[in-house]
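Listed here are the chains, written in short residue letters.
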Amino acid sequence: MASQAASKAIQFAYNGTIASTLRKFAWTNLWGGREYGLQFHDTYFEPAPEVTEALRRLNLKEPHVFDQRKIRLSRAHTLALHGEKLPKAEWTQWDQESWYLKPYLDEIEKEKKARAETSGLIPPYEMKQH
């Protein structure tokens, strides 16, 4: 429950009505992960250094969320391997989405920006340009 309450406080770069509507439409109609019970951030790949660091921090601060992620991914891989999907009643619903990695990814992005500004060194990975 605490993670669901926290998910409502997530701020995106574009939070207007149109952006929120498009985000929900794309999540509901274009993204197939919910058919396997996944949350959106479950599909973020670990080879990206930012994602690897965000997952490390998640495991340290919220190990139960990290474990739930592993369980969802394991179940999704098993279903996909057998060519199956969850019954529609068990699909991930929009109000269950927690965007659990966003705070960690934002924190890492701020640290990268601060490091580049203070030291003049560019991190080994490319920064987002806003």
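- The protein is annotated in an unreviewed UniProt entry as Cytochrome b-c1 complex subunit 7 from Caenorhabditis brenneri.
- Per UniProt, the protein carries the Subcellular location (unreviewed entry) text "Mitochondrion inner membrane".
- The annotation that UniProt attaches to the protein under Sequence similarities (unreviewed entry) is "Belongs to the UQCRB/QCR7 family."

## A short note on the overall build of the protein
Move 1: The number of helices and strands found in the protein is five helices and zero strands.
Move 2: In sequence order, the secondary structure elements of the protein are arranged as α-α-α-α-α.
Move 3: Here the protein, with 130 residues, has 32% of them falling under the buried criterion.
Move 4: Here the contacts in the protein between residues at least 6 apart in sequence split such that 72% fall between residues at least 24 apart.
Move 5: For the protein, the exposed area adds up to about 8800 Å²; of that, 59% sits on carbon and sulfur atoms.

## Some remarks on the packing of aromatic side chains
Move 1: In total, this model carries four aromatic pairs according to the counting rule given.
Move 2: With a centroid separation of 5.5 Å and an interplanar angle of 55 degrees, the aromatic rings of Phe40 and Trp99 are classed as tilted. With Phe40 in the loop between α2 (17-30) and α3 (49-61) and Trp99 in the loop between α4 (63-81) and α5 (102-119), the pair connects residues that are 59 residues apart, well separated along the chain.
Move 3: The exposure class assigned to Trp99 is buried, which follows from its relative accessible area of 9%.
Move 4: Between Trp94 and Trp99, the ring centres sit 6.1 Å apart and the planes meet at 75 degrees, which makes this aromatic pair edge-to-face.
Move 5: Given the relative accessible area of 26%, Trp94 is considered partly exposed.
Move 6: Taken together, the aromatic side chains of Trp31, Phe40, Tyr44, Trp94 and Trp99 make up a single cluster linked through ring pairs.

## Examining the pattern of salt bridges
Move 1: Here the structure, examined in full by the defined rule, presents eleven salt bridges.
Move 2: Across the pair Glu53 and Arg57 runs a salt bridge whose closest N-O atoms are separated by 2.7 Å. Residue Glu53 and its partner Arg57 are both found in helix α3; the two are separated by four residues, about one turn of the helix.
Move 3: Linking Arg57 and Glu107 is a salt bridge whose minimum nitrogen-to-oxygen distance equals 2.6 Å. Of this pair, Arg57 sits in helix α3 while Glu107 sits in helix α5, and the two are 50 residues apart along the sequence.
Move 4: Taken together, the shared-partner salt bridges connect Glu53, Arg56, Arg57, Lys61, Glu107 and Glu111 into one network.

## Comments concerning α5
Move 1: When the terminal C-alpha atoms of α5 are compared, their 25 Å separation across 18 residues agrees well with the 26 Å that a helix rising 1.5 Å per residue should span.
Move 2: For α5, the full list of buried residues reads Lys102, Tyr104, Leu105, Ile108, Glu109 and Lys112. In a view along the axis of α5, the buried residues occupy a sector of 165 degrees, so they form one face of it. Across α5 from its buried face, at more than 90 degrees, point the exposed residues Lys110, Glu117 and Thr118.
Move 3: Considering only its buried residues, α5 is in contact with α3.

What counts as what
- Residues numbered from 1 in each chain as written.
- Predicted model: local features only at pLDDT ≥ 70, side-chain atom pairs only at ≥ 80, totals over all residues.
- Heavy atoms only, no water.
- UniProt positions renumbered as here; feature names shortened; annotations may be inferred.
- Helix = DSSP H or I, 4+ residues; strand = E, 2+ residues; numbered from the N terminus.
- Buried < 20%, exposed > 50% of the residue type's maximum accessible area, 1.4 Å probe, protein only.
- Contact = heavy atoms within 4.5 Å.
- Areas by Shrake-Rupley, 256 points an atom, 1.4 Å probe, with all protein chains shown as cover.
- Phe/Tyr/Trp six-rings, centres within 6.5 Å; stacked < 30°, edge-to-face > 60°.
- Salt bridge = Lys/Arg side-chain N within 4 Å of Asp/Glu carboxyl O.
- Expected span 1.5 Å × (residues − 1).
- Arc of directions from axis to C-beta.

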